[in-house]
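One-letter residues, chain by chain:
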Amino acid sequence: LMEEKNENGNRVPELSVEFDADTEVIKDQYTYNIVGKIPGTDSDSMILLSAHYDSYFDGFQDDNCAIALMFGIARTLLEIGYQPEKTIVFCCMAAEEWGIENSKYDWSTGAWQQVFKIRPEWQGKVIADLNFELPAYAHNPWDAIRSTYEYEDFLKEFVKEFPVDAKKVYPEGLGVQCPIETWSDDFSVAISGIPSMVNEFSSAEFMETHYHSQFDNDEYYNADVFQFHHELYGLLVMAFDRVKVAPVNVGRTFQALQESVRPVTGREDEKGIRILLERTAEAKKIADAVYKRVKEINEISRDDECNLRNKYAALQRQLLYLFRKCQDYFVRLNWHDEVLFPHEAAQSNLRHIGDAVRSLENKDVRGALDALYLVDNNQYAFQFDDEVYHYFTEYVLNQEKDRLQWGAGRIVHHVDLSKEVKSLKKKIAEGGHDVTEELCALKKMEEEQLACFDDDIRYMTQAVDTLTDGLKKAKEVLDF
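Because the structure is a prediction, the values reported are computed rather than measured. (Residues numbered from 1 in each chain as written. Predicted model: local features only at pLDDT ≥ 70, side-chain atom pairs only at ≥ 80, totals over all residues. Heavy atoms only, no water.)

## Quick look at the overall build of the protein
Helix and strand content of the protein: 16 helices and 9 strands. Computed over C-alpha atoms, the radius of gyration of the protein comes to 25 Å, within 12% of the 23 Å expected from 2.2 N^0.38 for 480 residues, which places it in the range of a compact globule. Across the 480 residues in the protein, those meeting the buried criterion constitute 52%. Put simply, 81% of the contacts in the protein that link residues at least 6 apart link residues at least 24 apart. For the protein, the accessible area works out to roughly 23200 Å², and carbon and sulfur atoms hold 48% of it. Positive and negative side-chain charges of the protein, numbering 53 and 87 respectively, have mean locations separated by a distance of 8 Å. (Helix = DSSP H or I, 4+ residues; strand = E, 2+ residues; numbered from the N terminus. Rg over C-alpha atoms; globule rule 2.2 N^0.38 Å. Buried < 20%, exposed > 50% of the residue type's maximum accessible area, 1.4 Å probe, protein only. Contact = heavy atoms within 4.5 Å. Areas by Shrake-Rupley, 256 points an atom, 1.4 Å probe, with all protein chains shown as cover. Lys, Arg positive; Asp, Glu negative; His and termini not counted. Charge placed at Lys NZ, Arg CZ, Asp CG, Glu CD.)

Structure follows, in structure tokens:
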């Protein structure tokens with residue numbers, strides 16, 4: 001029972017609320033990924049469809065509808081007698097909701113194990129993973145395929161030619177969004193070197209009101225949306241099956257990298273930034289030329305399919321290798337599990353620490369705390385004792401790689417503001433005004449983050465150079 005009073009001090013009616021949180025997780029149990037396939041004529045090239053079958057409560061949208069969607073596509077392909085060129089693999093993933101105790105990255109365990117431990121040979125063979133989450137509900141007035149950067153152009157062309165009118169179900173239409181997120185299994189798959197995508201599901205009210213609760217049930221089922229996704233992703237499977245070469249466009253990644261470099265302080269290494277952007281522009285020209293040729297290859301008639309397969313198998317291997325290297329070199333996470341480029345963590349911290357410094361210089365302690373709240377995981381410093389704060393920092397920075405799974409090595413820097421946060425909060429409470437010590441500490445941290453940013457820029461320049469060499473090898477295959 002809840003008893004409250006309104007702003008006038010008058011009692012408001014009581015409200016009875018019942019929350020059903022009955023679930024059971026048993027320690028040290030086995031769970032299994034379940035795999036089936038429709039064999040293709042080319043066993044060295046595969047398309048993966050995936051969804052997870054574990055859930056909270058009924059898990060109607062998350063993710064039983066996705067399993068049904070996957071099986072619906074498989075059944076249709078079989079019923080129409082479709083003979084795929086590439087082997088189509090269907091994988092029901094386990095342990096997506098939980099999988100490793102006491103790890104920040106405790107979800108998507110089944111997917112990570114599948115592509116890194118159980119079937120590492122899929123890397124270099126699977127040209128695309130179509131992952132499904134909550135696919136029988138219109139989360140927004142628009143729909144999107146969320147993808148890695150490298151497949152954005154191919155997917156935009158597919159969406160443009162998609163024969164179904166999306167506006168009958170989604171009034172604002174269908175699009176493509178990048179990059180992928182860590183919310184679902186496709187992230188684990190992508191960083192293994194398999195280009196991945198998922199139906200967009202994470203940006204709407206459903207995630208706040210129904211997700212992972214007893215309200216995710218069959219009352220929230222939209223048959224039109226479900227059918228639309230069958231048609232969309234069934235035809236997308238066929239589109240990928242038709243390509244002769246995986247349509248990997250590294251140039252799109254370079255474009256995103258260029259757009260992400262936004263100096264904050266004016267004291268960054270200008271020469272280093274200029275070199276990175278110049279090298280990236282040069283690499284993008286080569287990548288664009290390679291992708292243009294890949295598009296031409298994929299538009300050729302199927303008459304010479306066997307010859308094309310043999311001739312361009314090496315090209316596809318090289319492109320998938322470059323995709324994997326892009327994930328290794330460029331995909332990092334912040335402390336909120338958002339995907340970003342390596343330098344963006346320090347770049348963001350410089351912005352917020354700089355705001356805090358300027359606030360303290362103006363004797364605005366509350367403004368400084370508001371800015372510091374946004375630095376790395378320092379929200380914990382506001383809300384918990386130091387022991388808790390440091391525990392949940394160290395279990396990211398100092399755990400074994402296999403326990404961190406898809407998060408291993410993705411967070412590079414950390415700014416520890418626990419002392420400064422506690423001190424500034426105390427001064428607000430006690431009416432203290434001397435912030436000299438805190439201001440000095442923050443300026444030092446700002447310089448440290450500036451050095452991190454400059455190091456990241458140099459690191460990415462080296463990565464771009466390595467990728468450029470790989471693109472030149474791909475071009476050599478094309479020119480052969």
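## Structural notes on the packing of aromatic side chains
Inspection of every chain in the model, using the stated rule, returns 27 aromatic pairs. Measuring from ring centre to ring centre gives 5.9 Å for Tyr-221 and Phe-226, while their planes differ by 75°; the resulting arrangement is edge-to-face. Members of the aromatic cluster, joined through ring pairs, are Tyr-380, Phe-384, Tyr-391, Phe-392 and Tyr-395. (Phe/Tyr/Trp six-rings, centres within 6.5 Å; stacked < 30°, edge-to-face > 60°.)

## Structural notes on the side chain of Lys-244
Within the secondary structure, Lys-244 is located in the loop between helix H6 (223–242) and helix H7 (250–260). Separated by 2.6 Å, the side chain of Lys-244 and the backbone oxygen of Ile-300 make a polar contact. (Polar contact = N/O pair within 3.5 Å; in protein donor to acceptor, adjacent residues only side chain to side chain.)

## Considering the side chain of Asp-54
When you line up the elements, Asp-54 lands in the loop between strand S2 (42–52) and helix H1 (60–79). Buried and without a salt bridge, Asp-54 has Arg-403 as its closest oppositely charged side chain, separated by 16 Å. For Asp-54, the residues in contact, after removing those within four places along its chain, are Asp-62, Met-93, Ala-94, Ala-95, Glu-96, Glu-97 and Trp-98. (Salt bridge = Lys/Arg side-chain N within 4 Å of Asp/Glu carboxyl O.)

## Some thoughts on the pairing of strand S6 (residues 174–177)
Covered by surrounding structure in S6 are Leu-174 and Val-176 only, the residues Gly-175 and Gln-177 on the alternate face being uncovered. Relative to S6, strand S5 (residues 143–147) runs parallel, the two sharing 4 bridges. Considered in S6, the bridge of Ala-144 is made with Gly-175. (Pairing = 2+ DSSP bridges.)

## Describing the state of the cysteines
For the structure shown, the criterion picks out 0 disulfides. Here Cys-440 is not cross-linked by a disulfide; its sulfur's nearest cysteine counterpart is in Cys-452, at 18 Å. (Disulfide = S-S within 2.5 Å.)

## Brief notes about the sheet that holds strand S7 (residues 196–199)
In spatial order, the strands read S1-S3-S2-S4-S7-S5-S6; together these 7 strands make up an open sheet with mixed pairing. Of all strands in the sheet, those bounded by a partner on one side alone are strand S1 (34–38) and S6. Ignoring strand direction, the axes of neighbouring strands in this sheet form an average angle of 20°. Two elements, strand S4 (residues 126–131) and S7, share 3 bridges in a ladder whose sense is parallel. (Axes fitted to C-alpha atoms, helices over the stretch in contact; angles between N-to-C directions.)

## A few points about the layout of surface pockets
Of the volumes computed, that of the largest pocket is approximately 890 Å³. The wall of the largest pocket is formed by 28 residues, among which Gln-29, Thr-31, Ala-95, Trp-98 and Gly-99 lie closest to the centre. At the level of secondary structure, the elements contributing two or more residues to the lining of the largest pocket comprise helix H2 (109–118) and helix H14 (401–404). Per element, the largest residue contribution to the lining of the largest pocket is 5 residues, and it comes from H2. Looking at side-chain class alone, the lining of the largest pocket contains 11 nonpolar, 9 polar and 8 charged residues. (1 Å grid on protein atoms, 1.4 Å probe; cavity = no way out; pocket = protein on both sides within 12 Å on 5 of 7 lines; lining within 4 Å. Points joined across faces, edges and corners; volume = space filled by probe spheres on them. Nonpolar A, V, L, I, M, F, W, Y, C, P; charged D, E, K, R; others polar.)

## A look at empty space enclosed by the protein
Unoccupied space between atoms shows up once a probe the size of one water molecule is rolled over them. Within this structure, the stated rule accounts for 3 cavities of 30 Å³ or more. Computed from the structure, the largest cavity encloses a volume of approximately 70 Å³. Broken down by class, the residue content of the lining of the largest cavity amounts to 6 nonpolar, 2 polar and 3 charged.

## So, the environment of Cys-440
Here Cys-440 is to be found in helix H16 (residues 436–479). Among the residues examined, Cys-440 registers a relative accessible area of 53% and is labelled exposed.

## A few points about the packing of H7 against helix H8 (residues 270–298)
Across the interface, H7 lies against H8 with an axial gap of 8 Å and an inter-helix angle of 160°. Relative to H8, the element H7 is oriented roughly antiparallel. Pair H7 / H8 crosses with left-handed handedness. Residues Val-250, Gly-251, Phe-254, Gln-255, Leu-257 and Gln-258 of H7 pack against Leu-276, Leu-277, Thr-280, Ala-281, Ala-283, Lys-284, Ala-287 and Asp-288 of H8. A per-class count over the contact of H7 with H8 returns 8 nonpolar, 4 polar and 2 charged. (Parallel < 35°, antiparallel > 145°, perpendicular 65-115°, else oblique. Left-handed = near helix turned anticlockwise from the far one by under 90°.)

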